[in-house]
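Listed below, chain by chain, are the residues.
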Amino acid sequence: MLTGNGNSSGIALVEAYDLDQEALSKLANISTRAFVGTGDNIVIAGFVLGNGEDDRIVVRGIGPSLAVLGVPDALANPTLELRDANGALLVANNDWQDDPGQAAELTAAGLAPTNSLEAGIAATLPPGAYTALLAGLNNSTGVGLVEVYDLGAP
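This write-up is about the structure you can find in this document. From a predicted model like this one, the values you see are computed outputs, not experimental measurements.

**Focus: the pairing of strand S5 (residues 89–93)**
In this structure, strand S4 (residues 78–84) lies alongside S5, joined through 4 bridges in antiparallel fashion. Counted as the bridge partner of Glu81 is Ala92 from S5. Linking two consecutive strands that pair antiparallel, namely S4 and S5, is a turn of 4 residues; a positive phi of about 85° is found at Gly87 within it.

**Digging into the environment of Thr79**
Turning to its location among the elements, Thr79 is positioned in strand S4. It is 7.4 Å that separates the C-alpha atoms of Thr79 and Glu118, two residues lying 39 residues apart in sequence. Not counting the four nearest positions on each side in its chain, Thr79 is found in contact with Asn93, Asn94, Ala119, Leu133, Leu134, Ala135, Gly136 and Leu137.

**As for the sheet that holds strand S7 (residues 128–136)**
Taken together, the 4 strands give an open sheet; going across it, the order is S2-S7-S4-S5, and neighbouring strands pair in antiparallel fashion. This sheet does not close on itself; its edge strands, each paired only once, are strand S2 (43–49) and S5. Strand after strand, the sheet turns through a mean of 15° between neighbouring axes, direction not considered. Pairing geometry for S4 and S7, over 7 bridges, is antiparallel. Across the sheet, Asp84 pairs through a bridge with Tyr130, a residue of S7.

Criteria and cut-off values
Residues numbered from 1 in each chain as written. Predicted model: local features only at pLDDT ≥ 70, side-chain atom pairs only at ≥ 80, totals over all residues. Heavy atoms only, no water. Pairing = 2+ DSSP bridges. Helix = DSSP H or I, 4+ residues; strand = E, 2+ residues; numbered from the N terminus. Contact = heavy atoms within 4.5 Å. Axes fitted to C-alpha atoms, helices over the stretch in contact; angles between N-to-C directions.

In short, geometric facts, not functional conclusions.
Quick look at the structure:
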């Protein structure tokens, strides 16, 4: 948990690094829960894939399910974008079941969101830096969760 000094609020950055690249380890999942605003105040989750080979990943944008867990002001309808290091849009998703192929992959991985309004992306990516952008449909705001799962080589 990250909090401001004296319970203050603001924008923060949390980073996790694998300092021993020779070790046979990998970060399997990372997630961030935060208030999703509009414009420059959406949730931005960056991650880097290494190891010299393609990786299968799943990115989820969660909102309505948080309300069921008692999180106040949950994001009603999250949208998700996956971008490369140059900012180019690779995949966008609003409701995870909109794309039957993506929905099948999310379900097969056991990572299908529990609410049809939540967003999910499954992709095979080469090594590099990526960014997941979590926003609210039609500039809506609320508390959202962005998750990135590394499923390993395809």
